[in-house]
Amino acid sequence: MLRMNLKSVCLGAASVIALSICISTESYAQSTLPPVTVDAPQQRSAARRAKPRTTVSRLRGPARRVAAPSRQPLPAQPSFAAGTGIERGTGPVLNGYVAQQSVTATKTDTSLLTTSQAVSVVPRRQIEDQQPQTLSETLRYTPGATVNSYGVNSVFDTIKVRGFEVPIYLDGLRLPVDPGTTFASQRLEPFGLERVEVLRGPSSGLYGQSPPGGLINAVSKRPQPVPFADLILSGGNFDRAQGSFDFNGPLESTGQWLMRMTGLVREAGTQLDFQRDNRYHFAPSLTWRPDADTSFTILASVQKSYGRGYQQYVPATGTVLPNPFGHIPYSRYLGEPDFDRFNTEHAAIGYSFEHRFNNYLQFRQNLRYSTTSTNLQALRVDGVAPDQRTGIRTALGVKASTENFAVDNQLQLDVATEPLQHKVLFGVDYYTQKGSSFFNMAPGPDTDLFAPVYGQAVAPISTFATALDSRSDQHQAGIYLQDQIKLDRLVLTATARADRADSTTTNLPTAFGPASAAQQHDNATTGRIGASYLFDNGVAPYAAYATSFQPTPGTTFAGTPFRPTTGTSKEIGIKYQPVGTNALFTLAFFDITQQNVLTTDTANPFFSIQTGEIRVKGLEFEGRFSLTDRFDLIAGYSHIDPRITKDTTPVVGNVVSEVPLETASLWGLYKERTGVFAGWGIGAGARYIGKSYSDSANSFAIPSYTVFDALVSYDFAYLNPQWRGLTFQLNVNNLTNKYYVSNCSGPIYCALGNARTVLGTLRYRFQPG
């Protein structure tokens, strides 16, 4: 019946827009079904005075010697835009910058305060205030996250958490990355996101293969019950011009059908001469809620990014290291404008289904199919001549693609057996990906790093030598079980998972080697156990232990497939939510060890063996505070000590490369609501990134740097009530135009940081009523 109804609606649509809407029905279920949560401290105190301690009532389900609670139907669809209703881990953050709920750490809607793991949530309001243009920029004020490893103009986002490069998820499902070149990866558009969550520490117990640093989970914008329409125009330096829209609302009077469409078109240059960063993005979604217990939402998206100059490395000499000819400026383009180009296309369709059978049992299913393809050619500097000003360039071409299918099935049981309350989650997920990677290259004409001459001849790309021609087929299936047990103030979480990961990689013959094929079959059991204790004053100390695994592609010199890397993590911390305030503070101490790390085979230097080990210890602090709708504050700090503890080369004891040892950030925004300055808003931020090292030998350090950001906004409704919904905002990042290098991978491949960027945004929101 469900399929017939959806099919008839889709076939009856008479326009392209209606067809697009029919492609999108996924997420409103999780954003409206009420959570089972631990009460806030002030609510707990009143509850404890009002009833005996032996009564179990907050979790739905039968209890021994206690009557089962009456069934509570789903609440009326809340007015999120008005700041009322129940916050959901897959929906909007209702109170400024401070999220209360999250689904990333437990795959259930759980209070952040009682989650025994460090989680950061970047809400939609912060995204709108800071106006990031990439996912990496969205996390600039998140402690423990390292961004822009490949430079500001990279065509993909690479993010490290606690020193490890982490996977990126969208709506709880993993985004694909081709294993050959890693170019065929979806780059998420921040305008289409409701929130971005950073889960720190091993997550294999719920998600399967992943490094011990954690993961990123972004949540798409989803249909909401209150209608509104956003029209936004933006422009800034480097010839940036951008238009976007966000239309949302019910399709009929009963509210069973909800629709949302977001879109963006951008024509822009960058801080590099000649480079272009153009994009269009369109994401329709549709929710069907036939009754209070069922929700079905489809999410679809289409995105294309294209331009010239996919990414650019600069050598350490003239940036990090001294050069007699000075510094290579931010604007220096080291490619060939007439030769360079890139094009990345992405499309996805999926859904989220949720049904509650009764007070105790509910089922959820998230599913997505997606494709991504990248085609680029460029000249890149791969060496510097002894004169320290001649760049030795390589011409390269890349064609890569991925095809991905992912599904996650979850059955949740909420029961109470005196004196314990259980939230039991049983899940089965499956992930498959097919990818291809083609990489060819040829020597290119040299260039002058300090006075380049453009228009030099480059051989046709069809004449380039093939360096890589690879096909891959990956599958992962996992089954997991989790129990969140509440005993008065104590919350225990135990997770266990069994995984099977299979992969086949076929390399066709190239100019650099013969054909080869490898198959890997890995089984792993991982888990996590954590405990949190909630005091009435809002203090919640916690402790957790977790394990991880991650398959490692490739073989030794003898042809033996590599074993998966494994990891263990110990974490203790404390969370604090002061009673009567909209604030959350988190302090975490962690100790992570990763085994089976690849290291050089000294007998065969072009191959690797697995005898390496890395240990990362550190602490993180994050504070978020929102005072009504006037003042928001974020503070973050992290200090880590990442060390190589085992290796075949003499680098044991050295610092792991490309990981800042210390970061600190502070952002504040104040909006005046009364007086002569009513309607004005002013914000400022500072970001400090400590030093890092370029390689495992710690040959040279990338210096620390501090940059400042600023914001000024005005709400025209204070000037004239008829202009309600019209606002203007000016963002300036790297206010002083500080010159810095964000990362180096050896002496040749360094990434310049962001130059000063100025972005003005004019927004009009129409909301009936």
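Use the structure listed above.
Below, the discussion takes up the sheet that holds strand E6 (residues 164-165). Strand order across the open sheet formed by 3 strands is E4-E5-E6, with antiparallel pairing between neighbours. Strand pairing shows two members of the sheet lacking a second neighbour, strand E4 (145-146) and E6, which therefore form its edges. Note that E4 and strand E5 (residues 160-161) share 2 bridges and pair antiparallel. Within E5, the position partnered with threonine 146 by the bridge is lysine 160.

Quick look at the sheet that holds strand E9 (residues 193-200) now. In spatial order, the strands read E3-E9-E10-E7-E8; together these 5 strands make up an open sheet with mixed pairing. With partners counted over all chains shown, the strands left at the sheet margins are strand E3 (119-123) and strand E8 (173-174), one partner each. For strand E7 (residues 168-170) and strand E10 (residues 214-220), the ladder comprises 3 bridges, and the chain directions are parallel. Along E10, the bridge assignment pairs tyrosine 169 with asparagine 217.

As defined by bridge partners, strand E11 (residues 228-236) adjoins strand E12 (residues 240-250) across 9 bridges and the pair is classed as antiparallel. Directly across from isoleucine 232, in E12, lies its bridge partner serine 244. Linking E11 back to E12 in an antiparallel pair, the connection comprises 3 residues, with phenylalanine 238 at a positive phi of about 60 degrees.

This next bit is on the packing of aromatic side chains. In the structure shown here, the tally under the stated rule is 20 aromatic pairs. Plain terms: the ring middles of tyrosine 330 and tyrosine 739 are 5.0 Å apart, the flat faces sit at 40 degrees to each other, and that makes the pair tilted. A residue pair is termed long-range when its members are at least 10 positions apart, and tyrosine 330 in the loop between strand E15 (294-307) and strand E16 (341-356) and tyrosine 739 in the loop between strand E34 (726-733) and strand E35 (741-745) qualify at 409 residues. Relative accessible area serves as the criterion here: at 25%, tyrosine 739 is assigned to the partly exposed category.

Applying the stated criterion to the full structure yields 1 disulfide. With its sulfur 2.0 Å from that of its partner, cysteine 744 forms a disulfide with cysteine 750. Linking cysteine 744 and cysteine 750, the disulfide has an S-S dihedral of approximately 110 degrees and is accordingly described as right-handed. We note that cysteine 744, like cysteine 750, is buried.

Attention shifts here to the side chain of glutamate 672. The topology assignment puts glutamate 672 in the loop between strand E29 (662-671) and strand E30 (680-689). In terms of polar contacts, glutamate 672 uses its side chain to reach the backbone amide nitrogen of threonine 674, at 3.0 Å. Those residues within four positions of glutamate 672 in sequence are excluded, and the remaining contacts are Arg630, Phe677, Ala678, Gly679 and Trp680.

The rules behind each value
Once a new chain begins, its residue numbering starts again from 1 and follows that chain's sequence as written. Where totals are concerned, whole chains, interfaces and linings use all residues; where local detail is concerned, this predicted model gives features only for residues with pLDDT of at least 70, and gives and counts side-chain atom pairs only at 80 or more. Side-chain metrics in this entry use all non-hydrogen atoms of the structure; hydrogen atoms and water are not considered. Here, strands pair whenever DSSP counts at least two bridges between them. Secondary structure is summarised from DSSP: a helix means a run of H or I of at least four residues, a strand means a run of E of at least two, and numbering begins at the N terminus for each. Think of it this way: a Phe, Tyr or Trp ring, Trp meaning its six-membered ring, pairs with another when their centres are within 6.5 Å, and the plane angle makes it stacked under 30 degrees, edge-to-face over 60, tilted otherwise. Whether a residue is buried, partly exposed or exposed follows from its accessible area with a 1.4 Å probe, protein chains only, as a fraction of its type maximum: under 20%, in between, or over 50%, in that order. Pairs of cysteine sulfur atoms within 2.5 Å are what we label disulfides. Counted as a polar contact is a pair of N or O atoms within 3.5 Å, where, for protein atoms, one must be capable of donating a hydrogen and the other of accepting one, and residues adjacent in sequence contribute only when both atoms are in side chains. Residue contacts follow a heavy-atom distance rule, with two residues in contact if any of their heavy atoms lie within 4.5 Å.

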